[in-house]
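Observations on chain architecture
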Amino acid sequence: MANFLAQFQAIKNTSDRLVISVEDVSDLWPTVKPAFEARLPFKRATLNNKTRNPVFVETLPAEFILTTDSRLRSRFPQEQFLFWFREPYATVVLVTCEDLDEFKTILKPRLKLIVQNDEREWFVVFVSKAHPANDQANKMAKKVYAKLEVEFNSKKRERCCKYDMHFPEANFWEDLESKIMECIRNTLDRRVQFYEDEIRKLSEQRLMPIWNFCNFFILKESLAFMFEMAHLHEDALREYDELELCYLETVNMTGKQRDFGGADHGDDQAALLNPGNKPLTQIVQEDSFREFEFRQYLFACQSKLLFKLNRPIEAASRGYSFIISFSKSLALHERILPFCMREVWVTTACLALIEATTSNYNDGHAAPDIEKEFFRLLGDLYSLARVKFMRLAYLIGYGTDIEKSPVNSASLSLLPWPKPAVWPSVPADASTEVLEKEKLILQTPSRTKHFGIQRKPLPLEPTVLLREANRRRASLSAGNVSEMFDSRQGPMEGSGFDASTRMSPHKALASSMSRTNSSPGNFDSSIDRPMRLAEIFIAAEHALKQTIYNPELWKSLSSSEEFEQKYLELTKGAADNYHRSWWKRHGVVLDGEIAAVAFKHGHFDQAAKSYEKVCALYAGEGWQDLLAEVLPNLAECQKILNDQAGYLLSCVRLLSLDEGLFLTKERQAFQSEVVRLAHSEMKDPVPLDVSSLITFSGNPGPPLELCDRDPGILSVTVWSGFPDDITLDSISLTLNATYNTDEGVKALKSSTAIVLHPGRNTITLDLPPQKPGSYVLGVLTGQIGQLRFRSHSFSKVGPADSDDFMSYEKPAKPILKVFKPRALVDLDAAVSSALLINENQWVGILVRPVNYSLKAAVLHIDTGPGLEIKESHVIEMESYAGVSQNDDEQVQNDGAQIKTLNSDKNLHV
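Just so it is clear, the model here is predicted, and its values are computed rather than measured.

**Considering the sheet that holds strand β13 (residues 712-720)**
With antiparallel pairing, the three strands of this open sheet are ordered in space as β11-β13-β18. For this open sheet the edge positions go to β11 (694-698) and β18 (759-767), each flanked by a neighbour on one side alone. The average angle at which neighbouring strand axes cross in this sheet is 30°, direction not considered. Pairing geometry for β11 and β13, over five bridges, is antiparallel. Along β13, the bridge assignment pairs phenylalanine 696 with valine 718.

**What about the sheet that holds strand β5 (residues 90-95)?**
If you trace the five strands from one edge of the open sheet to the other, you get β4-β1-β5-β6-β7, paired in parallel fashion. Among the strands making up the open sheet, the edge pair consists of β4 (62-66) and β7 (160-164). Across the sheet, the mean angle from the axis of one strand to that of its neighbour is 30°, orientation sign disregarded. As judged from the five bridges shared by β5 and strand β6 (residues 122-128), these two strands associate in the parallel manner. Directly across from valine 95, in β6, lies its bridge partner phenylalanine 126.

**Quick word on the pattern of salt bridges**
Considering all chains together, one arrives at 45 salt bridges under this definition. Of the charged contacts, one joins aspartate 264 and lysine 278 as a salt bridge, the two residues approaching to 2.9 Å between their closest N and O atoms. Residue aspartate 264 is located in the loop between α9 (233-251) and α10 (280-283), and its partner lysine 278 is located in the loop between α9 and α10; the two are separated by 14 residues in the primary sequence. Residue aspartate 264 is classed as partly exposed on the basis of its relative accessible area of 35%. Overall, lysine 278 belongs to the buried group, its relative accessible area being 13%. Linking glutamate 673 and arginine 676 is a salt bridge whose minimum nitrogen-to-oxygen distance equals 3.1 Å. Taken as a pair, glutamate 673 and arginine 676 lie in helix α27 (residues 664-678) at a separation of three residues, close to a single helical turn. We classify arginine 676 as partly exposed; its relative accessible area is 42%. Ionic contacts of the salt-bridge type, sharing partners, join the residues Lys50, Glu196, Lys220, Glu239 and Glu242 into one network.

What counts, and where the lines are drawn
Residues numbered from 1 in each chain as written. Predicted model: local features only at pLDDT ≥ 70, side-chain atom pairs only at ≥ 80, totals over all residues. Heavy atoms only, no water. Pairing = 2+ DSSP bridges. Helix = DSSP H or I, 4+ residues; strand = E, 2+ residues; numbered from the N terminus. Axes fitted to C-alpha atoms, helices over the stretch in contact; angles between N-to-C directions. Salt bridge = Lys/Arg side-chain N within 4 Å of Asp/Glu carboxyl O. Buried < 20%, exposed > 50% of the residue type's maximum accessible area, 1.4 Å probe, protein only.

Function cannot be read off these values alone, since they describe shape.
Structure (structure tokens):
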């Protein structure tokens, strides 16, 4: 059966619709052909699927072919049995007769002979040539047709219909299509059963030595192709899914060593959407097929059906999973594949799948959730292609053009290097290219971050490329291994570019020149020595030229400018699709990569807008390490754009990050910029929230207690996150009443400048009289030059030596309690006897202070009706009589305790 593989492929390429044979008994086909073919394709057909359930088919392509056509007569019986899917699904017998005797003697026996084959589905179309004006001819035609119905119709099925050439009846075409559909349904059911029986027989032999996957494939795909021709695409897709599972089971069977494939020129170009990329006869291998080509062939058939079913989202989902799975298979066979075959294939596969799915997707027709998932898949495909493309670019020397950002570092540092059996060697005539590449590496300027930030660049390599490439060389001399680590030993831990750019230019140039001159024009003679970085780049570039067949992809790697253009295209594609999906954070992160390119070309406004989104995301998620990488870039853009408010905010945010993320001198640089901008000539004062940098709380212990209208002094602890001392021109603190809703916010202001030291500070504020109630700290505000800052962060009160100033405890405990007015003294009358009318008498008044000083106080006495004070005397409270010594001492002590609060206040009673 496998010998018919080529013929099977040819039949598939030429058969795309169902065949309806026409048995032209009376030479009528040329006359009726235009009218019959005008009914094609059939509309609103109903067929049975594999499970015998009716399925509505919108359009059913078909083709009328005469039984005398060479396409039907030239088939051998074995071919008809094997490729039954291309045989006619219905037979239309065209007859006409104008005489009953002719019908009985000639036409009837001939028709009996034609329809005696039980395997064919047939029906008879009687064509009447009689003109409407010829009554005799019409009567005869009706008699003949009646005899025809008697002979060939049955109780179970009507097999005859009449077609009037001059005036067809209104329901003829409906009757004709109904009979054709009935024949097609019956034929399809019979053939499906046949293929299922044959496939079941072969499946039972799957674990036997006689198992031949090619035979199984022909039967299985014949069934799938028959479903596809009948537009039963769901059933066809299911057959291809089962075929794929069976093939993977065959491939994974132990004991047979098979050729993987993928070594032909042009195999780097993914064929996920092109089933006819290679003939099946070219990829057959003994009793099966080569995995590289055949798995792509199966997916191409599946994707074609998915697009016909209008399911591009499922095609994208399946495609992404297939690319990931197939990439793992490529990794297992990487030693026998061309250099970087895996990276190139994945890149082309992702781009081809993106183009196909987007072109077949109707925007807005899917549910919102499904639509978002589709854009997420497109974003994943763009991201995967982007990472593989960056790896290819890095291998040929474009690493300096790749931003060493967190997302690029995370992607590339986790992506392994290619693992060829032998790392490519430098061609003998490439000495000039190597020298040019070395000069380019040495001339690449290193970009210094704003504020003089000194940070080790994030890696773009899983391991050092120098070490990896030389380890995979064919005959690396152990005696010369130390050459790899001469002047580059220190930077070897980082990127391969750092290994060349951080060394002294003069030393590097002299070293490279001496090595080059040691074997001018002949790099093969120096195979025993380790390759230099420039040689690795050139060797990889020449090897990729042999691998990459796609001219557009190679053009994207031909220069730094072309690489950047393709890099931006892939990055924007991923970001845009992520923004339209659930994964908006991924889109924001990739916006930062676009911003880096914009910054590089001086488009600072565009870069700043993207950096702001990235910083907002990192800050909201609490990813301070990532924020420390991006925020200095935003600050630099804002400084260049003279965005003083934005730049000031960025500096404060840099200061607010964990101290361990920056050196002390770098944080001091942030503070100096804040102070400089605050005292510069800004048009308007800039409000700024410094809640993460300056926090405050009341002192430990119970709250301050006062009475109504008592002044006082409030002590507050302020923690400063600035690395150096900073002078606040003014500061104010609000007090909020906890249970008195009518009470407004009270602001306490400092009249003098305050210097905050790093860490804990204690400041005192004059407290004017407050109304009774309980008060908590509100908001701390102040001003440094033209900078108005605000903090609403409450700090946890820790031990005296604690500098824990980044805690947000709410609700804050009361810092002040003001009580209602209290009595100043106790007054008692001292009378020796009852008062007499019209008699002058002395009345003594005992004045006892209640925890309060009465020094310099004045006592006013008002008499009631009928009493009159004749004389008044001024008495010093300190020298009054009638108080015991102990009481006097107690009064003095009490006065001393309160004197500090109200020493200069006169009390009138």
